[in-house]
Amino acid sequence: MRHVVALPLALWVWVIFHGSVLCQRPAVVNIGAVFTFDSVIGRPAKVAMKVAVSDVNSDPRILNGTELRLIMGDAKCSVFVGCIAAFQVLERQVLAIIGPQSSSIAHMISQIANGLQVPQISYAATDPTLSALQFPFFLRTTHSDSYQMAGMADLIDYYGWKEVIVIFVDDDYGRNGMAALDDELEKRGSKISYKLPLPTEFNVRDFTEMLNKSKLIGPRVYVVHVNPDPSFRIFSIAQKLQMMTRGYVWFATDWLCATLDSFSPMNQTSLHFLQGVVGLRQHIPQSRKKDAFVSQWRKMQKKGLVSSGLNTYGLYAYDTVWAVAYAIDKFLKENGNISFSASDKLHDMRATQFGKLEVFDNGNLLREQLLQINFTGLTGRIQFDPERNVINGSYDVINIVHTKIRGVGYWSNYSGLSVLPPEDLKGEQNRNSLLDQKLGIITWPGGITEKPRGWEIAANERPLRLGIPKRTSFVDFVTEVNTSHKVQGYCIDVFNAALNLVPYNVPHTFIPFGDGRSNPKYDELVQKVADDVFDGVVGDVAIVTNRTRIVDFTQPYAATGLVIVAPVHNTKLSAWVFLKPFTVEMWCVTAAAFVMIAVVIWILEHRVNDDFRGPPKRQLITMFLFSFSTLFKANQEDTRSTLGRIVMVVWLFLLMVITSSYTASLTSILTVQQLSSPITGIDSLIASDLPIGYQVGSFAFSYLRDSLYVHQSRLVSLGSPEEYEMALRKGPKGGGVAAIVDELPYVELFLEKQKDFGVFGQTFTKSGWGFAFQKDSPLAADLSTAILRLSETGTLQKIHEKWFCNMGCPGWRRQKSEPNQLHMISFWGLYLLCGSITLIALLVFLLRTIRQFVRYKRKRIDASPSVSSNTRCSQVIYNFFDFIDEKEEAIKKMFKQQENPQPQVS
């Protein structure tokens, strides 16, 4: 029975004892660190991590008596050595691994960390691709280069530069950083035009040659993204090549500041060749913690305990140790059990060195604790975003002036560029408010403060390659003079005049394109620009849609468009041609004017002129004969009233203008040449099945075939004005063409010498000639401005007159439905004047007549009291018309007798 009781008791005691052992905190926890000890980043990081471990172990508020032990491995700037060092550290059953500083080594160690489920947290690996889901155990307390490249792109965009040249180390860090920059520049309408990749150990001679070749490329804005280099070889070589001078722009990512900050102040004074370089440095907010640590670092430097200056990566390394310590402390409080187990995947390697590697069973839990930490360290707030990067990436923008580092502003992913620290702007400024973006004054290479242009179109060593069409017809526009390599023409003169207005020198050379036997194909010429065979094309190049997709054009310097040319001859005159000078409206108004003048003159003259009196039939005939006879100045009747004479003066002036205009218009109609072809425009031409000519090399062929769907069998290529004339004279029946479709400037020149042809219809495409350059070429914009100035000052017109107006500027004949026809709109003012004066004269006459009639009635009432004054209105009107019909002389005589009555004889 005693044995039965003792057995459960012993079991209970064993469980209690064993559980207390399991729940007891370990005395020591190991963490690992793999990095390059002897490097710009490694030297301060090594000291900072040791100080951090010491501070953690001396702080009773964390780990509760458990010692944090740091096990370090030297990667020696090698992926191979770094992997071996990582294996050696992981054999020691570390709970987390810090580092490495190299992104290339980080990629390899991340794979190992994933397999062993050991959280990896880096303070210096900035490759954006490390944030991929491929590496779930990778975290970093520094900023991803995706932030830095966004800041660099904003900086480039702030100054309006569209193309840059990048120099980068050809590894994961450099390539992926440049890929991020390329993406950010594309969002802002800029691009990387040339890349200079460098091996990790590059040859100075090869790089010198590479950098020297880059001078032949247009952009002068360089972005350097390499590993920290205490010798600054890139800038030293650039200075020897005269590339740290006026006109150049040099940007550097945070490797530059990391290197400079690791120097002692004495060593920084010799960096004169960095004058004007602009760089980014990871922003560390000011705090008492940071100031105290910097002060402690300086004391260690004075004691000789530290051989390097403190850069931002040293501060991040310090905070990384604390982040791991906080996560382990929370993990131990919540779980308390740390265990490792053998991996089934390594079962076959038990006998090898890899057999010592074990999987951290609680790695996922510790990783979750790391992702949840939130504390304020030396570098500011330490908290991870969903991509396992520290939140709120921000940078200082620095400028090196006279060997000193000068801050000119800040950049953050939420506030953009500013002269105020990001922590002061948080919540106050929107990232997209570009108007608020600003920086301090920057001193650029060469000691200038005004913004450099940032590009050179060409240099004397590599002049601009400008293709020109080697024309065999219409050579007044552009051609090569025999084989003398001299080019001339209207287009060349316009280009040279515009180039003189560009505020910089553009060395260039003209390269003829074509076989010299026929005009070249202009689409092929433009394609040569897109293929980088030519830098541009100068000539009579039409700006059409398919060409604008592959090149950039300047502002058009000549208006053009497609027109139709066909034969003309004299029009057959009809029997009614005399009616054509006036429109129907004009004829109607003129006829009405004759009737109006006839009536008004009869009214004004009837009381005073015997010629306008008599039987009604005679008066009607006289009235209209008088009016129409004024047209021929054959009227027998004279006007006697003053008002009638005034009306006649205005009417005769109107007749003089109308008859003169009619005569001129009729003369023009009788002599003008009219188009003889049934073609009236492009629609009728397409609808027919007649052959159509076009100029060799012109875009007219592709336009007719592809846009208007004219069958290719109908299209006939013609190479010169002589062939134009021959084909048109032969006509469709003689093996020629019915019409030619060509651009307006060529047609104008052709018609200047050929009077038997004319233009049908309207211009059915609207375009212009411009100079073509490669996409995003700054010269295209500057030449466009220059062409506008030439147009405003009249220089373009003078150049046109020089080439095409020696014997009178070319014109062209167009079909019109009613040529030289006179419209009412041209004469309405004159008719209005005549009508107004006629109406006023009529009103004056009526008012005077009414006044006489009233006086006449009063006299009659006074003379005969028996006459009633209360007569009906109709009777008054009837009496008034009788009064008007009386001669005015008789009325006046009656008034005179009534005023002076004769005495009666008894």
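Residues numbered from 1 in each chain as written. Predicted model: local features only at pLDDT ≥ 70, side-chain atom pairs only at ≥ 80, totals over all residues. Heavy atoms only, no water.

Engineer: Would you explain the nonpolar core in this entry?
Structural biologist: Note that soluble globular proteins tend to have their nonpolar side chains buried in a common cluster. Core analysis: the biggest nonpolar cluster contains 84 residues, and Phe477, Tyr490, Phe495, Tyr557, Val741, Phe773 and Leu779 have the highest contact counts within it. Grouped together as the second largest cluster of nonpolar side chains are 71 residues, Ile97, Ala124, Phe360 and Ile382 included. (Core = buried A, V, L, I, M, F, W, Y, C linked by side-chain atoms within 4.5 Å. Buried < 20%, exposed > 50% of the residue type's maximum accessible area, 1.4 Å probe, protein only.)

Engineer: Looking at this model, I keep getting lost on helix 7 (residues 204-214). Mind explaining?
Structural biologist: Along an α-helix, residues three or four apart share an orientation, since each turn contains 3.6 residues. Regarding helix 7, the residues found buried are Phe207, Leu211 and Ser214. One side of helix 7 carries all its buried residues, which in axial view fall inside an arc of 50°. Contacts from the buried residues of helix 7 go to strand 6 (163-169), strand 7 (191-198), strand 8 (221-225), helix 8 (233-240) and strand 9 (249-252). (Helix = DSSP H or I, 4+ residues; strand = E, 2+ residues; numbered from the N terminus. Arc of directions from axis to C-beta. Contact = heavy atoms within 4.5 Å.)

Engineer: When you look at empty space enclosed by the protein in this model, what are you seeing that I'm missing?
Structural biologist: One way to see where empty space is left: roll a probe the size of a water molecule over the atoms. Summed over all chains, the structure comprises 2 cavities of 30 Å³ or more. What lines the largest cavity is a set of 13 residues, among which Tyr522, Asp540, Ser698, Glu743 and Tyr746 lie closest to the centre. For the lining of the largest cavity, the residue count by class is 6 nonpolar, 3 polar and 4 charged. (1 Å grid on protein atoms, 1.4 Å probe; cavity = no way out; pocket = protein on both sides within 12 Å on 5 of 7 lines; lining within 4 Å. Points joined across faces, edges and corners; volume = space filled by probe spheres on them. Nonpolar A, V, L, I, M, F, W, Y, C, P; charged D, E, K, R; others polar.)

Engineer: Looking at this structure, how should I read the pattern of salt bridges?
Structural biologist: A side chain of one charge can pair with a side chain of the opposite charge if their charged atoms are brought near each other. Applying the stated criterion to the full structure yields 25 salt bridges. A salt bridge links Asp38 to Arg43, with the shortest nitrogen-to-oxygen separation between them at 2.5 Å. Exposure remark for Asp38: the relative accessible area of 62% places this residue in the exposed category. The residue Lys333 makes a salt bridge to Asp329 at a minimum N-O spacing of 3.3 Å. Of this pair, Lys333 and Asp329 both sit in helix 12 (residues 312-334), 4 residues apart, which is roughly one turn of that helix. Take Lys333: its relative accessible area is 59%, and that puts it in the exposed class. On the basis of relative accessible area, Asp329 is assigned to the buried category, the value being 7%. Here the salt bridges share partners, and the residues they tie into one network are Asp154, Glu184, Lys187 and Arg188. (Salt bridge = Lys/Arg side-chain N within 4 Å of Asp/Glu carboxyl O.)

Engineer: Sorry, what's going on with unusual backbone geometry here?
Structural biologist: In terms of backbone geometry, most residues other than glycine have negative phi values and most peptide bonds are trans. Between Gly99 and Pro100 the backbone carries a cis peptide bond, its omega angle lying at -5°. Tracing the sequence through the fold places Pro100 in the loop between strand 3 (97-98) and helix 4 (103-116). In this structure, Phe474 takes a positive phi of about 50° despite not being glycine. For Phe474, the position within the fold is in the loop between strand 18 (464-469) and strand 19 (479-481). Positive phi outside glycine occurs at Asp532, with the angle close to 65°. Residue position: Asp532 is located in the loop between helix 16 (522-530) and strand 22 (536-542).

Engineer: Just checking my understanding: could you explain the packing of aromatic side chains for this structure?
Structural biologist: The geometry of an aromatic ring pair comes down to the distance between the two centres and the angle between the two planes. Per the stated rule, a full pass over the model turns up 39 aromatic pairs. Between Phe232 and Phe263, the aromatic rings sit 5.8 Å apart at their centres with planes inclined by 80°, giving edge-to-face as the arrangement. Taken together, the positions of Phe232 in the loop between strand 8 and helix 8 and Phe263 in the loop between helix 9 (255-261) and helix 10 (265-268) put the pair 31 residues apart, joining distant regions of the chain. Across this residue pair, the class does not change: Phe232 and Phe263 are buried. Centre to centre, the rings of Tyr746 and Trp769 are 5.4 Å apart; their planes meet at 50°, and the pair counts as tilted. Note that Tyr746 is positioned in helix 24 (residues 744-753) and Trp769 in strand 31 (residues 767-773), a separation of 23 residues in sequence. Among the aromatic residues, those joined into a ring-pair cluster are Phe474, Phe477, Tyr490, Phe495, Phe510, Tyr557, Tyr724, Tyr746, Phe750, Phe757, Trp769 and Phe771. Of note, Arg453 hangs over the ring of Trp455, and the distance from its end group to the ring centre comes to 5.0 Å. (Phe/Tyr/Trp six-rings, centres within 6.5 Å; stacked < 30°, edge-to-face > 60°. Lys NZ or Arg CZ within 6 Å of the ring centre and 35° of its normal.)

Engineer: Even after reading the chapter, I still don't get the pairing of strand 28 (residues 715-718), so can you show me in this structure?
Structural biologist: Two faces, one strand: in a regular strand the side chains alternate between the faces of the sheet. With 4 bridges joining them, strand 27 (residues 692-695) and strand 28 adopt parallel strand pairing. Residue pairing across strands places Gln695 opposite Leu718, the latter belonging to strand 28. Where the polypeptide runs from strand 27 across helix 22 (residues 700-707) and back to strand 28, its parallel neighbour, the crossover connection is right-handed. (Pairing = 2+ DSSP bridges. Right-handed = clockwise from strand over helix to strand, strands pointing away.)

Engineer: It is not clear to me how the sheet that holds strand 17 (residues 416-418) should be interpreted in this structure. Could you clarify?
Structural biologist: Hydrogen bonds along the backbone pair up the strands of a sheet, which may run parallel or antiparallel. Spatially, the 8 strands line up as an open sheet ordered 7-6-8-9-10-15-16-17, and their pairing is mixed. Two strands in the sheet have a free side with no partner beyond their single neighbour: strand 7 and strand 17. Here the strands of the sheet are splayed against their neighbours by 25° on average, with no regard to which way each runs. Relative to strand 8, strand 6 runs parallel, the two sharing 4 bridges. Its bridge partner being in strand 8, Ile165 is matched across the sheet by Tyr222. (Axes fitted to C-alpha atoms, helices over the stretch in contact; angles between N-to-C directions.)

Engineer: Just to check I follow, could you spell out the environment of Val568 for this structure?
Structural biologist: Mapped onto the fold, Val568 is located in strand 25 (residues 562-570). A C-alpha to C-alpha distance of 9.0 Å links Val568 and Val759, two positions 191 residues apart in sequence.

Engineer: Would you mind showing me how to read the sheet that holds strand 3 here?
Structural biologist: If you trace the 5 strands from one edge of the open sheet to the other, you get 2-1-3-4-5, paired in parallel fashion. Sheet topology places strand 2 (67-74) and strand 5 (138-140) at the edges, where each strand pairs with a single neighbour. As paired elements, strand 1 (residues 28-35) and strand 2 share 8 bridges and run parallel to each other. Bridge assignment links Val34 to a residue of strand 2, and that residue is Gly73. Helix-sheet contacts for helix 2 (residues 42-57) involve strand 1, strand 2 and strand 3, and the interaxial angle to strand 2 is about 165°.

These figures come from the coordinates and say nothing about function on their own.
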